[in-house]
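Understanding the architecture of this molecule
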Amino acid sequence: MNTATDFRALLISKTDAGQTAALVRQAMDSLPEGDVTVQVQYSTLNYKDALAITGRSPVVRRFPMVPGIDFVGTVAESQHPKFNAGDTVVLNGWGVGEGHWGGLSQVARVRGDWLVKLPAGLTPRQSMALGTAGYTAMLCVMTLQRLGVTPDKGDIAVSGAAGGVGSVATMLLSRLGYRVVAITGRSAEARYLHGLGAAEVMDRAALSGPGKPLAKERWAGAVDSVGSHLLANLCASTRYRGVVAACGLAGGMDLPATVAPFILRGVTLAGVDSVMCPREEREQAWQRLAAEMDVQRLEAISEEIGLARVLDVAPDLLGGRVRGRLIVDVNR
Ligand code: NDP
C-alpha cells in the first residue's frame, strides 16, 4: 500500500506561449487510470523522450504529460490478476509517455496488460541500461534471424552505431557470431565501437548523401536507426536476398529510395516497431536479452543521471552527442 501523498515527476505542459517541461511535485490522485501502480526505480532517456521533452516533434498527444516511454519498478498496488505488490516489472511503449503518463516519475499507474515481469538474470538497473533502445535492438536481431540471416551469410551493417539502439545491436550481433560493421558519424568513437564487438567501423558520410539505385553488394543484413539517405543506401548495397531491419529516423523520416534492391535482388526491408509489439514477442525479447546480453559490458555503454538532469541532456541526445544509453534514477 502506497502511503505517500505526492511524488516527483517531469511534466510537459502546453500553453498559448508554447510547450514547457519542468520538474514538479504531483499529488497521488492526479495519476491516470490503470490497474497497477508502480514505484518507479529507473527510467531512461530515449530519442523519443528527448523529442517529447524538447517539443521538437509532436510526440505528446495529451497535455499535461509525464514523459518516459519506459521504466522498471516495484508494484505498489495491483488489481491485475498477473501482478502482485512487490513484483518487479518493466514497461516499454504502448503510448506511455505519449498519451498516458510515463516513467520519468517516481510513481506510474498503468494497465497491467502493458507490463512484463523483469526476467531473471537482469537487475532493475541493467534492464534500464537496455531500456526501449535495447529491447528494440533485440527485436531487430530477432527480425534478421526470422528472415534467415545467419552469421555465415556475411557482414551486418549497424547504423547510428554509437547511439542506444546501435550500441546494443552491435553488442548482441557480435556476441551471436555475426561480423558487424558499425556505421557512425563519430570517428572518435571507433575504439568504443570495437570494444562492443564491431569488426569494422565505417564513417557514415560515405552513405549519407543521394546514392545509386543499386550499389556494390556488401551487406547480408542491416540494422538501421537513421532512415533517409542512409537507409536508402543500405538497401542499395544489401546482397541478394539480404534483410534490412529499419527501426529509426535519427537522420530523417524520408526514404529517398528506388524499388531496385527489392525487385532485382530480393532484398527485404523489414519494419521494426517496439511500441505496439505483441506481448509474446516482447516477453521473448526480454528473455533473450537476459540470457544473451553480456551484462558486465552494459556498464560500458550506460551512464546514470538524476531526474533533474534530464531536461538539460535531452537536446544533447537529439544532437547525436550522447554515447550509448542514459539511465535515469528517478529518485535522485
Ligand atoms: P540515440 O540518440 O541514442 O542514437 C541515435 C544515433 O543516430 C546517434 O547516436 C548517431 O549515431 C545517429 N544520428 C544522430 N543524428 C543523426 C543524423 N542527423 N544523421 C545520421 N545519423 C544520426 O537514439 P536511439 O538509439 O535511442 O534511437 C535511434 C532511433 O531509433 C530514433 O530515431 C528512435 O526514435 C528510433 N527508435 C525506434 C523504436 C521503434 O519502436 N521503432 C524504438 C526505439 C528507438 P552515430 O553518432 O554513431 O552516427
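First, a word on what this report is: a plain description of the structure on this page. None of these values were measured; they are calculated from a predicted model.

Topic: the layout of surface pockets
- In this structure, the second largest pocket spans a volume of roughly 190 Å³.
- For the second largest pocket, the full set of lining residues is Met-202, Ala-206, Leu-207, Gly-211, Lys-212, Ala-215, Lys-216, Arg-218, Trp-219, Asn-233, Ala-236 and Ser-237.
- Across the lining of the second largest pocket, the residue classes tally to six nonpolar, three polar and three charged.

Looking at the nonpolar core
- Among the nonpolar cores identified, the biggest contains 52 residues, and Leu-130, Leu-144, Leu-172, Leu-173, Trp-286, Leu-289 and Met-293 are the most heavily contacted of them.
- Per-element tally for this core: the top contributor is helix α2 (residues 124–146), with 12 residues.
- Leave out the neighbours within four places in its chain, and Leu-173 touches Val-141, Leu-144, Ile-156, Val-158, Tyr-178, Val-180 and Val-223.
- Core analysis: the second largest hydrophobic core is formed by 44 residues, Leu-45, Leu-91, Trp-101 and Val-107 among them.

Looking at empty space enclosed by the protein
- Scanning the entire structure with this criterion turns up one cavity of 30 Å³ or more.
- Space inside the largest cavity adds up to approximately 30 Å³.
- If you trace the largest cavity, you find it lined by Phe-7, Leu-31, Pro-32, Val-66, His-100, Trp-101, Gly-102, Ser-105, Val-107, Ala-108 and Arg-109.
- The element contributing the most residues to the lining of the largest cavity is strand β6 (residues 107–110), with three residues.
- Considered class by class, the residues forming the lining of the largest cavity number seven nonpolar, three polar and one charged.

Details of the sheet that holds strand β13 (residues 268–271)
- Across the sheet, six strands lie side by side as β10-β9-β8-β11-β12-β13; this open sheet has parallel pairing. Sheet topology places β10 (200–203) and β13 at the edges, where each strand pairs with a single neighbour. With strand direction ignored, the average angle separating the axes of adjacent strands in the sheet is 20°.
- Here strand β8 (residues 156–158) runs beside strand β11 (residues 219–224); their pairing, made up of three bridges, is parallel. Looking across to β11, one finds that Ala-157 is bridged to Ala-222.
- Its contacts with the sheet place helix α3 (residues 164–175) against β8, β9 (180–184) and β11, and it is angled at close to 160° to β8.

Re the pattern of salt bridges
- If you walk through the whole model with that rule in mind, you get 20 salt bridges.
- As a salt-bridge pair, Arg-61 and Glu-98 come within 3.7 Å of each other at their nearest N and O atoms. Of this pair, Arg-61 sits in the loop between α1 (47–54) and β4 (70–78) while Glu-98 sits in the loop between β5 (88–92) and β6, and the two are 37 residues apart along the sequence.
- Judged by its relative accessible area of 55%, Arg-61 falls in the exposed class.
- The exposure class of Glu-98 is buried, given its relative accessible area of 10%.
- Residue Glu-283 pairs with Lys-82 through a salt bridge whose shortest N-O separation is 3.9 Å. Linking Glu-283 in helix α7 (residues 279–292) with Lys-82 in the loop between β4 and β5, this pair joins segments that are 201 residues apart in sequence.
- Exposure remark for Lys-82: the relative accessible area of 41% places this residue in the partly exposed category.
- Within the structure, one salt-bridge network assembled from shared partners comprises Arg-125, Glu-299, Glu-304, Asp-329 and Arg-332.

Description of helix α5 (residues 228–236)
- Among the nine residues in α5, eight count as buried, and that is most of the element.
- Each element contacted by the buried residues of α5 is listed here: β8, β9, β11, β12 (238–246), α6 (260–264) and β13.

A short note on the site of the ligand
- Around the ligand sit 24 residues in total, of which Thr-184, Gly-185, Arg-186, Arg-204 and Ser-274 are the nearest.
- A distance of 2.9 Å is found between an oxygen atom of the ligand and a backbone nitrogen or oxygen belonging to Gly-164.
- Arg-204 has a polar side-chain atom sitting 2.6 Å from an oxygen atom of the ligand.
- Secondary structure elements with two or more residues in the shell around the ligand: α2 and α3.
- When its residues are assigned to classes, the shell around the ligand shows 11 nonpolar, 10 polar and three charged.

Some words on the pairing of β9
- Along β9, five of the five residues are buried, which leaves the element largely enclosed by surrounding structure.
- Burial along β9 is two-sided: Val-180, Ala-182 and Thr-184 and Val-181 and Ile-183, pointing in opposite directions, are all buried.
- Relative to β9, β8 runs parallel, the two sharing three bridges. Residue Ala-157 lies in a different strand from β9, and its bridge partner there is Val-181.
- Running through α3, the crossover from β8 to the neighbouring parallel element β9 is right-handed.
- Direction of pairing for β9 relative to β10: parallel, over a ladder of four bridges. Across the sheet, residue Thr-184 finds its bridge partner in β10, namely Asp-203.

Quick notes on the rules
Residues numbered from 1 in each chain as written. Predicted model: local features only at pLDDT ≥ 70, side-chain atom pairs only at ≥ 80, totals over all residues. Heavy atoms only, no water. 1 Å grid on protein atoms, 1.4 Å probe; cavity = no way out; pocket = protein on both sides within 12 Å on 5 of 7 lines; lining within 4 Å. Points joined across faces, edges and corners; volume = space filled by probe spheres on them. Nonpolar A, V, L, I, M, F, W, Y, C, P; charged D, E, K, R; others polar. Core = buried A, V, L, I, M, F, W, Y, C linked by side-chain atoms within 4.5 Å. Buried < 20%, exposed > 50% of the residue type's maximum accessible area, 1.4 Å probe, protein only. Helix = DSSP H or I, 4+ residues; strand = E, 2+ residues; numbered from the N terminus. Contact = heavy atoms within 4.5 Å. Pairing = 2+ DSSP bridges. Axes fitted to C-alpha atoms, helices over the stretch in contact; angles between N-to-C directions. Salt bridge = Lys/Arg side-chain N within 4 Å of Asp/Glu carboxyl O. Near = heavy atom within 4 Å. Polar contact = N/O pair within 3.5 Å; in protein donor to acceptor, adjacent residues only side chain to side chain. Right-handed = clockwise from strand over helix to strand, strands pointing away.

Just distances and angles here, no functional claims.
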